[in-house]
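# Report on the structure
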Amino acid sequence: LNEITPALVRTWYAGLGTEYPMRTAHAYQLLRTIMGTARADGLIRENPCTIPKAGRTPKRKELDLLTVGE
């Protein structure tokens with residue numbers, strides 16, 4: 001756990017790519033939660049997951065619904 005640094009997390013996150021943004025956000029959320037628990041348990045001093053907005057899931061696209069006449 002102590003070998004996981006913010007730089008390592010950023011490298012891992014960048015390696016996930018942008019093709020699947022929901023998967024990427026969920027993977028980061030899971031890692032951040034695990035590291036947060038490790039911090040709360042006193043296993044690490046700080047949570048290395050510090051990428052702003054990385055755990056936010058992308059908004060769903062707005063649908064343009066057609067009317068009966070269209």
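The structure contained in this document is the topic of the report that follows. No experiment lies behind these values; they were computed from the predicted model shown.

A complete count under the given rule lists one aromatic pair for this structure. Ring centres of Tyr13 and Tyr28 lie 5.5 Å apart, and the angle between their planes is 70°; this geometry places the pair in the edge-to-face category. Taken together, the positions of Tyr13 in helix H1 (residues 6-15) and Tyr28 in helix H2 (residues 21-40) put the pair 15 residues apart, joining distant regions of the chain. Taking relative accessible area as the criterion, Tyr13 reaches 23% and is therefore assigned partly exposed. Tyr28 gets classed as buried once you look at its relative accessible area, which sits at 0%.

With that settled, the discussion passes to the nonpolar core. Among the nonpolar cores identified, the biggest contains nine residues, and these are Val9, Tyr28, Leu31, Met35, Ala38, Ile44, Cys49, Ile51 and Ala54. In this structure, Tyr28 is in contact with Val9, Trp12, Tyr13, Cys49, Thr50, Ile51, Ala54 and Gly55, ignoring residues within four places of it in sequence.

You can see Leu1 is positioned in the segment before H1. On the accessibility criterion, Leu1 (49% relative accessible area) is partly exposed. Separated by 47 residues in the primary sequence, Leu1 and Pro48 have C-alpha atoms spaced 9.8 Å apart. Not counting residues within four places of it along the chain, the set of residues in contact with Leu1 comprises Met35, Ala38, Leu43 and Ile44.

The rules behind these values
- Residues numbered from 1 in each chain as written.
- Predicted model: local features only at pLDDT ≥ 70, side-chain atom pairs only at ≥ 80, totals over all residues.
- Heavy atoms only, no water.
- Phe/Tyr/Trp six-rings, centres within 6.5 Å; stacked < 30°, edge-to-face > 60°.
- Helix = DSSP H or I, 4+ residues; strand = E, 2+ residues; numbered from the N terminus.
- Buried < 20%, exposed > 50% of the residue type's maximum accessible area, 1.4 Å probe, protein only.
- Core = buried A, V, L, I, M, F, W, Y, C linked by side-chain atoms within 4.5 Å.
- Contact = heavy atoms within 4.5 Å.

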